[in-house]
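# Architecture and fold: a report
Read off the chains here:
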Amino acid sequence: MKKNVFLALGLLSMFSCSNHEDLFNSDYFQEQAKEAFPVENIDPTQTWETMVVRTMNVTVNETEGEQYTIKVYTENPFNTVNNATLLAKTTVLNGQKSILSLDAPTALQYVYVVLEDKDSNRSMKPVVLSDVTTEVSFGLQGENRSIAARAGSSSTYDAPDVNDTDLFPQTVPDGISDFPPYGFSANTSYKVRQNITSINLGGTTGVKLYVVEDVTLSGLYLTSGSQLLVLPGVKVTMTGNPNLGQAGCYITVGKGASFLLGDNNLQIGSDYRFYNWGTVEAANIQCDNGAFLYNAASATLTTRGKLSAENSTSLIANEGNLTANSLYVQGSGRFINDLGNAVVSAETIINSNSAGWENNGFYHTGRMEITATGNQTINKCQLIVDGQFNMHTSSAVFSMDGGSYTRCGSLYMDMSGINMGSGAFFDVVGEAKFKYNKDLGFKAIGSEWAVLRMGSAVMESANQGFTIAYSGNLLIDCKNHFAQGHSGDVNQPYIQMSGAASFDGKVSIEKSECNPGYTNIPAVTPEPATIFTYAFEDMTRQAGDYDFNDVVLKVSPVIDGKVTVQLVAAGAQKNLKVRYKLGSMGGDLFDGQEVHAALKATGLINTNKDPNQNTVAPVSDVITVGDGFSLAKNGDFYIVEMDNKGEVHIPEFTPGFKSGNAPYALRIASDWEWPYEQQSITDKYDGFVTWATNANADLDWYTK
């Protein structure tokens, strides 16, 4: 039953039942309404409005002559699981601008704008709603660069020429004698045969040794300017660790030859040069102090443990087949996989600002971690990371050249960036987790699209502004991406978008030796429209009980020039009907029927706690309003008591209503669940009290 707080008989005689304007201008009636209202100390600035009009300019520069459809959603419509609803819809010709007046919830600070072509190909951008005008643009941007636009600096090195017989001799020059165990001379060439078990040149410099037979050496020490040249097909087996730290020395392993260290380590330093055209195996391999380790095409370099380039411009360059358990690049060391195949089973670590890592071939590793500041980590062909790709240092940048491909099991980024050339494809199979990447994140720098695909994208820290940034001509393919939001400052969004970066869309990358290619099938976006709820108290002769369910309407935004109105509940016993006044238009809804008759039921309809008690289907009506119509400004749906012609409007359209007055009806910017019969709004929604007493607090109280 309704709680009847009858007003004084004198009040009823003062105001004609047909004069609703006088009734709602009555200070006395407002006092009675406030007395019955379930919240004291109403904010004197409270207007009870949960909607606002936003202006949005959408510019499209895609296909010449094409007409596009623009759709604006409340959430990301491409997420596999979403509650996205359609706020607005319009069309725009390519090369032109569409101006949208958007009816939006006041609490809504971000929307998702979808561009759709005639073939239903779609792309999307999350956009912050401005208090002035929101600018949105679709289409490729930037200068006309090549599809193979470079995304980072390119390393160079002087590769030895395997056809240089001074470095890789096929035979021994005439007149060279065998190497003696002792008594050898400086600046002299010798042949090393199988009888030699250790080589120690002591202080003798400039010695050139040709290894012509298989040897097993317990030790190896070359002095400054000396060379050890292993001829094709010859095997050198080390039973101890060689000492390779003397300046200006060379070791070359010829085609089909081998240099095998077993459980021993290969450490090269002091500008040492170690060139392999055969097979090299060691427990661990370390280059430091300017050393250069080169693995030629068709050669094999294997370490069961750690491979490292450590400092002083030391360099490891692979053009053949390289296998290691781990790779560490630190100090000013560099690693280059140049047209080679590298498999690093456990981990790849780049952890110095001056370190460089470059892949121009096929590189496969268990996990990869970059903690180095700078942009000397570059993938030019194909990088596969089975586990996590981890970047977590200030301004670390990983670059991908045009047409390159990177795949990882998962991704973590903090204070880091990934630059992508045209046609580059970064593929995260599982979860991408982001912390703080302001002005960094993913940046596509070419004139054609680059693609980022992620299984899911999550925030490491809640309410973190600038969690990730997407910029340039970047397509983001992710069906489970965290929602847009901000840290508390609307200028610090979770997702920082710029340039042509957009979600989903019709983009293809051609298959190549490096790149498996990409063809996107754009997601189908949902079409359910956003719902605005009008909830009324039948306050024409008495104050109400403020369950706001005497009449409940669900109203759509303007879609294709039309507004759909549903009558969903009637929690009053009075004879009420629904009317509208939309600018210059007006009239009855639901054929002018009394609400119970329209719903084809009697009593309290759809307001009982028991869903099986007097539950009926809603009824609908459609009004043609034309494009550009604003519900927030002109959406006056109201109820009329048929017995006395008294009207109840929402505050925006109630004559004489003042900020801070108690409302007789509410317009709620959501598909709102109204209170049950005799359940006050404050009992169902705790946040309503906060909002009522502070108009700037708990703006989305109706969602909780």
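So, here's what we can say about the structure. Bear in mind that the values here come from a model prediction, so they are computed numbers and not experimental data.

In this section: the nonpolar core. Across soluble globular proteins, you tend to see nonpolar side chains buried next to one another. Among the nonpolar cores identified, the biggest contains 100 residues, and Ile199, Phe259, Phe389, Phe426, Phe434, Phe442 and Tyr470 are the most heavily contacted of them. Ranked by residues supplied to this core, first place goes to strand 34 (residues 382-400) with 7 residues. The contacts of isoleucine 199, once residues within four sequence positions are left out, are Phe179, Val192, Leu209, Leu217, Gly219, Leu220, Tyr221, Leu222 and Leu228. Formed by 84 residues, the second largest nonpolar core is a distinct cluster that contains Ala535, Val551, Phe629 and Ile681.

A few words now on the sheet that holds strand 8 (residues 133-138). Each strand in a sheet pairs with its neighbour through backbone hydrogen bonds, running either in the same direction (parallel) or in the opposite one (antiparallel). On the basis of which strands lie adjacent, the open sheet formed by 3 strands has the order 5-2-8 and mixed pairing. With partners counted over all chains shown, the strands left at the sheet margins are strand 5 (97-105) and strand 8, one partner each. With direction set aside, neighbouring strand axes in the sheet form an average angle of 30 degrees. Summarising the sheet, strand 2 (residues 51-60) and strand 8 pair through 6 bridges and their orientation is parallel. Following the sheet pairing, threonine 55 is matched in strand 8 by threonine 133.

According to the stated counting rule, one finds 24 salt bridges in the structure shown. Between lysine 479 and aspartate 477 there is a salt bridge, with its nearest N and O atoms 2.7 Å apart. Among the residues examined, lysine 479 registers a relative accessible area of 24% and is labelled partly exposed. Across the salt bridge formed by glutamate 673 and lysine 684, the nearest N and O atoms sit 2.8 Å from each other. One end of the pair, glutamate 673, is in the loop between strand 54 (665-668) and helix 6 (681-684); the other, lysine 684, is in helix 6, with 11 residues separating them in the sequence. One network of salt bridges, with partners in common, ties together Glu66, Lys118 and Asp119.

Attention shifts here to unusual backbone geometry. As a rule of thumb, non-glycine residues mostly have phi less than zero, and peptide bonds are mostly trans rather than cis. Of note in this structure, asparagine 187 is not a glycine but carries a positive phi near 55 degrees. For asparagine 187, a relative accessible area of 63% translates into the label exposed. Here asparagine 289, not a glycine, exhibits a phi torsion of approximately 55 degrees, which is positive. Along the chain, the position of asparagine 289 falls in the loop between strand 22 (285-287) and strand 23 (292-295). Taking the relative accessible area as the measure of exposure, asparagine 289 reaches 39% and is therefore partly exposed.

What follows is about the state of the cysteines. By the definition in use, this model includes 1 disulfide. The disulfide that involves cysteine 381 links it to cysteine 514, with 2.0 Å between the sulfurs. One quick way to see it: the torsion about the S-S bond of cysteine 381 and cysteine 514 is about -100 degrees, and its sign makes the bridge left-handed. Placement of cysteine 381 in the loop between strand 33 (374-379) and strand 34 and of cysteine 514 in the loop between strand 43 (508-509) and strand 44 (518-519) is noted, with a sequence separation of 133 residues between them.

Taken as a whole and assessed by the stated rule, the structure comprises 34 aromatic pairs. Between tryptophan 48 and tryptophan 691 the ring centres are 5.5 Å apart and the planes differ by 80 degrees, which places this aromatic pair in the edge-to-face class. Taken together, the residues tryptophan 48 in the loop between helix 3 (27-36) and strand 2 and tryptophan 691 in helix 7 (residues 687-693) connect sequence positions 643 residues apart. Tryptophan 691 carries the same exposure label as tryptophan 48, and that label is buried. Ring plane angle 70 degrees and centroid distance 5.8 Å describe the contact between tyrosine 250 and tyrosine 275, whose orientation is recorded as edge-to-face.

Calculation rules
Residues numbered from 1 in each chain as written. Predicted model: local features only at pLDDT ≥ 70, side-chain atom pairs only at ≥ 80, totals over all residues. Heavy atoms only, no water. Core = buried A, V, L, I, M, F, W, Y, C linked by side-chain atoms within 4.5 Å. Buried < 20%, exposed > 50% of the residue type's maximum accessible area, 1.4 Å probe, protein only. Helix = DSSP H or I, 4+ residues; strand = E, 2+ residues; numbered from the N terminus. Contact = heavy atoms within 4.5 Å. Pairing = 2+ DSSP bridges. Axes fitted to C-alpha atoms, helices over the stretch in contact; angles between N-to-C directions. Salt bridge = Lys/Arg side-chain N within 4 Å of Asp/Glu carboxyl O. Disulfide = S-S within 2.5 Å. Phe/Tyr/Trp six-rings, centres within 6.5 Å; stacked < 30°, edge-to-face > 60°.

Everything listed here is a matter of coordinates, which is why it stays silent on function.
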